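An overview of the molecular structure
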Amino acid sequence: MERFNVKGNVMVLITTMIWGAAFVAQRSGMEHVDPFTFLAVRFFIGGCVTMAAAPLFARMAKTRQSFTDLFSKGTIKAGMCCGAALFIAASLQQSGMQYTTAGKGGFLTTLYVIFVPIIGLFLRKKPRVWVWFGMALAVAGTYFLSVNEGFTINQGDLLILCCALFFAFHILIIDRFAGSHDGIAMSSVQFFTVSVFAGVFMVLFETPRVSDIIACTIPLLYTGLLSSGVAYTLQIKVQKITAPSVAAILLSMESVFAALAGYLFIAEILTARELLGCALVLAAVITAQIPGKKHREISNR
């Protein structure tokens, strides 16, 4: 059954608002620390917060699960799978951004909107017809919003295309495990997995300094507490009730909120072209919610 839930969709939009504003924090953070250092500290903060929150939310939900129950072998395995995909995606994105423009990088990253339903077809998950229309509108809107120069493909673009593919896998892996594990506990394991991988690469390829990390406190706290701790956890929880193909289109709103955050916080002016892009992405989100004749998404589970 295709999961069509207004509450879940609203929660995904909150997630994209947080992620959109995080672009400002990430840009500020890169002025002080290198990419793997930023990833390692950011996701370590997120892991600590969600690990502490998991038992609290379990008690609030009256599930009476112990810490051992929450962080079972199955949950740890699921979280590590999600974390591995997230680490690869985030690392490819950061590496690719060294060789391409921010606008083109943002557009190419959002191509996970295409990859999610395409990969889903191989997993016997068939989206509704309106989801395909929404996907096309989202890609067109993100193009107008993000790409303002001649479009060519270089090394960085190819890396970011691979990044988009792994973000798609990340969404589908979450869809595979979210329904059978505690979302906050799984999220915590995911963050620690990313932090460990990033920490290894940080030691091998970067020279982290405590003074630089302290100078980056505000961006790290925002991305660690909100972008990681809250937003990625919301993503896991809402994908229990929202189909992955619909969630992918809703997540493409990240590019709109990034543009709005740039306008509000660092005075980046939206052009008529970019406003058209925002309108198209909004149209994509609305289109994806139109119910089809058959409200079913074939699943192999």
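Presented here is an overview of the structure given in this document. Given the structure is predicted, the values throughout are model-derived calculations rather than measurements. (Residues numbered from 1 in each chain as written. Predicted model: local features only at pLDDT ≥ 70, side-chain atom pairs only at ≥ 80, totals over all residues. Heavy atoms only, no water.)

Helix and strand counts for the protein chain come out as 14 helices and 0 strands. Along the protein chain, helices (α) and strands (β) appear in the sequence α-α-α-α-α-α-α-α-α-α-α-α-α-α when read from the amino end. Taking all 301 residues of the protein chain together, the buried fraction comes to 52%. Residue pairs in contact within the protein chain that sit at least 24 positions apart in sequence constitute 92% of those at least 6 positions apart. (Helix = DSSP H or I, 4+ residues; strand = E, 2+ residues; numbered from the N terminus. Buried < 20%, exposed > 50% of the residue type's maximum accessible area, 1.4 Å probe, protein only. Contact = heavy atoms within 4.5 Å.)

This next bit is on the packing of helix α9 (residues 183–205) against helix α11 (residues 217–238). With their axes 9 Å apart at the nearest point, α9 and α11 run at an angle of 125° to one another. Put simply, α9 runs oblique to α11. Along this stretch, α9 crosses α11, giving a crossing that reads as right-handed. Contact with α9, carried on its side by Gly183, Ile184, Met186, Ser187, Gln190 and Phe191, involves Ser228, Gly229, Tyr232, Thr233, Ile236 and Lys237 of α11 and no other residues of that element. Its residues assigned to classes, the contact of α9 with α11 shows 5 nonpolar, 6 polar and 1 charged. (Axes fitted to C-alpha atoms, helices over the stretch in contact; angles between N-to-C directions. Parallel < 35°, antiparallel > 145°, perpendicular 65-115°, else oblique. Left-handed = near helix turned anticlockwise from the far one by under 90°. Nonpolar A, V, L, I, M, F, W, Y, C, P; charged D, E, K, R; others polar.)

The subject of this paragraph is the side chain of Thr75. Relative to the elements of secondary structure, Thr75 occurs in helix α4 (residues 73–96). Aside from chain neighbours lying at most four places away, what touches Thr75 is Leu70, His181, Ala185, Met186 and Val189.

Right, let's talk about the packing of α4 against helix α8 (residues 155–177) for a bit. Where α4 contacts α8, the two axes come as close as 8 Å, and the packing angle between them is 160°. The angle between α4 and α8 places the two elements in the roughly antiparallel class. α4 and α8 meet at a crossing whose hand is left-handed. Within the contact between the two elements, α4 uses Ala78, Cys81, Cys82, Ala85, Leu86, Ile88, Ala89, Ala90, Leu92, Gln93, Ser95 and Gly96 and α8 uses Gly156, Leu159, Ile160, Cys162, Cys163, Phe166, Phe167, His170, Ile173, Ile174 and Phe177. Class assignment of the residues belonging to the contact of α4 with α8 gives a composition of 18 nonpolar, 5 polar and no charged.

On the surface, a nonpolar cluster with roughly 340 Å² of combined accessible area is contributed by Val49, Leu221, Leu225, Leu226 and Val230. Considering every element that reaches the nonpolar patch, the biggest residue donor is α11, with 4 residues. Looking at the element boundaries, Val49 is found in helix α2 (residues 35–60). Residue Val49 is classed as partly exposed on the basis of its relative accessible area, which comes to 34%. (Patch = residues over 30% accessible without salt bridge, like charges linked within 9 Å, V, L, I, M, F, W, Y side chains within 5 Å. Areas by Shrake-Rupley, 256 points an atom, 1.4 Å probe, with all protein chains shown as cover. Salt bridge = Lys/Arg side-chain N within 4 Å of Asp/Glu carboxyl O.)

Core analysis: the biggest nonpolar cluster contains 43 residues, and Phe43, Tyr112, Phe167 and Tyr232 have the highest contact counts within it. With 7 residues, α8 is the single largest residue contributor to this core. Once you skip the residues sitting within four places of it in the chain, Tyr232 turns out to touch Trp19, Arg42, Phe43, Leu86, Phe167, His170, Ser187, Gln190, Phe191 and Ser227. (Core = buried A, V, L, I, M, F, W, Y, C linked by side-chain atoms within 4.5 Å.)

Here we take up the packing of aromatic side chains. Inspection of every chain in the model, using the stated rule, returns 9 aromatic pairs. Where Phe87 meets Phe201, the ring centres are 5.6 Å apart and the plane angle is 45°; that geometry is what we call tilted. Of this pair, Phe87 sits in helix α4 while Phe201 is found in helix α9, placing the two residues 114 residues apart along the sequence. Ring pairs connect the aromatic residues Phe36, Phe87, Phe197, Phe201 and Phe205, which therefore count as one cluster. Across the ring face of Phe177, the terminal group of Arg176 is positioned such that the distance to the ring centre comes to 5.4 Å. (Phe/Tyr/Trp six-rings, centres within 6.5 Å; stacked < 30°, edge-to-face > 60°. Lys NZ or Arg CZ within 6 Å of the ring centre and 35° of its normal.)

Our focus in this paragraph is helix α6 (residues 112–122). In an α-helix, one turn spans 3.6 residues; hence positions three or four apart end up facing the same way. When α6 is considered as a whole, its buried residues turn out to be Tyr112, Val113, Val116, Pro117, Ile119 and Gly120. Relative to the axis of α6, the buried residues are bounded by an arc of 165° and lie together on one face. Just downstream of α6, Arg124 is the residue with a positive phi angle, here 65°. (Arc of directions from axis to C-beta.)

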